[in-house]
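Each chain is listed here by its residues.
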Amino acid sequence: MNKVQKDYELINTKKANKKYSVLLIVLTVLIVLMAVVIIPLVTSNKSLTKFVTVFILMLSIILIHVAVKFGKVVYQNYEGMPNPPLWVPKAFGYGISVNPYNKVGKIITIALTVILDLFFIGTGIAILYFS
């Protein structure tokens, strides 16, 4: 029975990995296309340029939160460990990543997410009201 439950969890994890991978790719491509294609087309209209720039910043905030959720799904096998490692191998590619299930890793993840959110929100406000 335990084996069936582990297999079921593995299948659900693979489905979630695929869903988040596709969502991350779509958001990244959308942000890059808007920055490279649409902004040069609307530079003559200042208010439209502001709107597109703020929209890209909002998409970036969404991208950050999706990436954090993806990290929690990818590294969920560390969730119940009494002392999980801070640095774990990256889910894709080479290198290491911060484990969101480690106490320090959770603090780092939350702090970076909040700092980047505040940065993008502040930049959006500055673009809308002070430029």
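As a starting point, this report considers the structure included with it. Residue numbers restart at each chain and count upward from 1, following the sequence in its written direction. Residues qualify for local features only when their pLDDT is at least 70, as the model is predicted, and side-chain atom pairs are given and counted only at 80 or more; totals for whole chains, interfaces and linings, by contrast, use all residues. As a rule here, side-chain values cover all heavy atoms of the structure and leave hydrogens and water aside.

## Looking at the overall build of the protein chain
Turning to step 1, where the next piece is worked out: Across its full length, the protein chain carries three helices and two strands.
Turning to step 2, where the next piece is worked out: Segments assigned H or I by DSSP are reported as helices when at least four residues long, segments assigned E as strands when at least two residues long, and all are numbered from the N terminus. Seen in sequence order, the protein chain has helices and strands lined up from the N terminus as α-α-β-β-α.
Turning to step 3, where the next piece is worked out: It is over C-alpha atoms that the radius of gyration is taken, and the globule rule equals 2.2 Å times the number of residues to the power 0.38. Whereas a compact globule of 131 residues would reach a radius of gyration of roughly 14 Å, the protein chain reaches 19 Å, over 25% beyond that.
Turning to step 4, where the next piece is worked out: Buried positions account for 29% of the 131 residues belonging to the protein chain.
Turning to step 5, where the next piece is worked out: The criterion used for residue contact is that any of the two residues' heavy atoms lie within 4.5 Å. Within the protein chain, counting contacts between residues at least 6 apart in sequence, those at least 24 apart form 50% of the total.
Turning to step 6, where the next piece is worked out: Carbon and sulfur atoms make up 72% of the accessible area of the protein chain, which amounts to about 9300 Å² in all.
Turning to step 7, where the next piece is worked out: In summary, the charge assignment counts Lys and Arg as positive and Asp and Glu as negative, without counting His or the chain termini. All charge positions are set by atom: Lys at NZ, Arg at CZ, Asp at CG, Glu at CD. Charged side chains of the protein chain number 13 positive and 4 negative; the gap between the two group centres comes to 8 Å. Classification of residues uses two cut-offs on accessible area relative to the type maximum, computed with a 1.4 Å probe and protein chains only: under 20% is buried, over 50% is exposed, and between them is partly exposed. Calculation of accessible area relied on Shrake-Rupley with a 1.4 Å probe; when residues are assessed, cover is drawn exclusively from the protein chains displayed.

## Some details on the environment of Phe-92
Turning to step 1, where the next piece is worked out: Note that Phe-92 resides in the loop between β1 (87-89) and β2 (96-98).
Turning to step 2, where the next piece is worked out: Along the primary structure Phe-92 and Val-74 are separated by 18 residues, whereas in three dimensions their C-alpha atoms are 9.9 Å apart.
Turning to step 3, where the next piece is worked out: Among all residues touching Phe-92, those that are not within four sequence positions of it are Ser-21 and Phe-70.

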